[in-house]
Amino acid sequence: MGNKKLFTKMNLQWGYNNVQIKEEDKWKAAFTTHVRSFESMVIFFGMTNSPAMFQGMMNEIIKDFINKGKVAVFVDDVLVGCSELKLGLTLSAHSLLELTKRTR
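So, a few notes on the structure that sits alongside this text. These numbers were taken from a predicted model, which means no experiment stands behind them.

For the rest of this paragraph, the subject is the overall build of the protein. Summing up its helical and strand segments, the protein has three helices and five strands in all. Ordering the α and β elements of the protein from the N terminus gives β-β-β-α-α-β-β-α. Counting all 104 residues of the protein, 30% fall into the buried class. Sequence separation of 24 or more characterises 57% of the internal contacts of the protein that already satisfy a separation of 6 or more. On the protein, roughly 7,300 Å² of surface is accessible, and the fraction owed to carbon and sulfur atoms is 57%.

The following block contains the structure:
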């Protein structure tokens, strides 16, 4: 990213709290209140290793762009860097398409 001049930052607000917990692991996130017991359906920030798991998932989804030095990811923030506006728009669109396609 060192010689890039234009950057696009995307914050994936829908990402982190929409990652489903595997059925066999839901008991690990269960908690009890005075009303009843609950099992979480999605990961949340208080769970051990959930930020690291999400970071790994994001890296895996857009690894092709990361390996080429065009995209950087930190949890749910994606930074696309380029030297030309047209290329930057294309990279941003391709990154979003890849994220959308791989997370459905």
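Following the structure, the description resumes.
With that settled, the discussion passes to the layout of surface pockets. Put simply, the largest pocket is a space of about 270 Å³. What lines the largest pocket is simply Val19, Gln20, Ile21, Lys22, Asp25, Lys28, Ile43, Met47, Thr48, Asn49, Ser50 and Met53.

Moving on: the packing of aromatic side chains. Per the stated rule, a full pass over the model turns up one aromatic pair. When the ring of Phe31 is compared with that of Phe38, the centres are 5.5 Å apart and the planes differ by 25°; the resulting orientation is stacked. Here Phe31 falls in the partly exposed class, since its relative accessible area comes to 41%. Judged by relative accessible area, Phe38 falls into the partly exposed class, the value being 27%.

The rules we used
Residues numbered from 1 in each chain as written. Predicted model: local features only at pLDDT ≥ 70, side-chain atom pairs only at ≥ 80, totals over all residues. Heavy atoms only, no water. Helix = DSSP H or I, 4+ residues; strand = E, 2+ residues; numbered from the N terminus. Buried < 20%, exposed > 50% of the residue type's maximum accessible area, 1.4 Å probe, protein only. Contact = heavy atoms within 4.5 Å. Areas by Shrake-Rupley, 256 points an atom, 1.4 Å probe, with all protein chains shown as cover. 1 Å grid on protein atoms, 1.4 Å probe; cavity = no way out; pocket = protein on both sides within 12 Å on 5 of 7 lines; lining within 4 Å. Points joined across faces, edges and corners; volume = space filled by probe spheres on them. Phe/Tyr/Trp six-rings, centres within 6.5 Å; stacked < 30°, edge-to-face > 60°.

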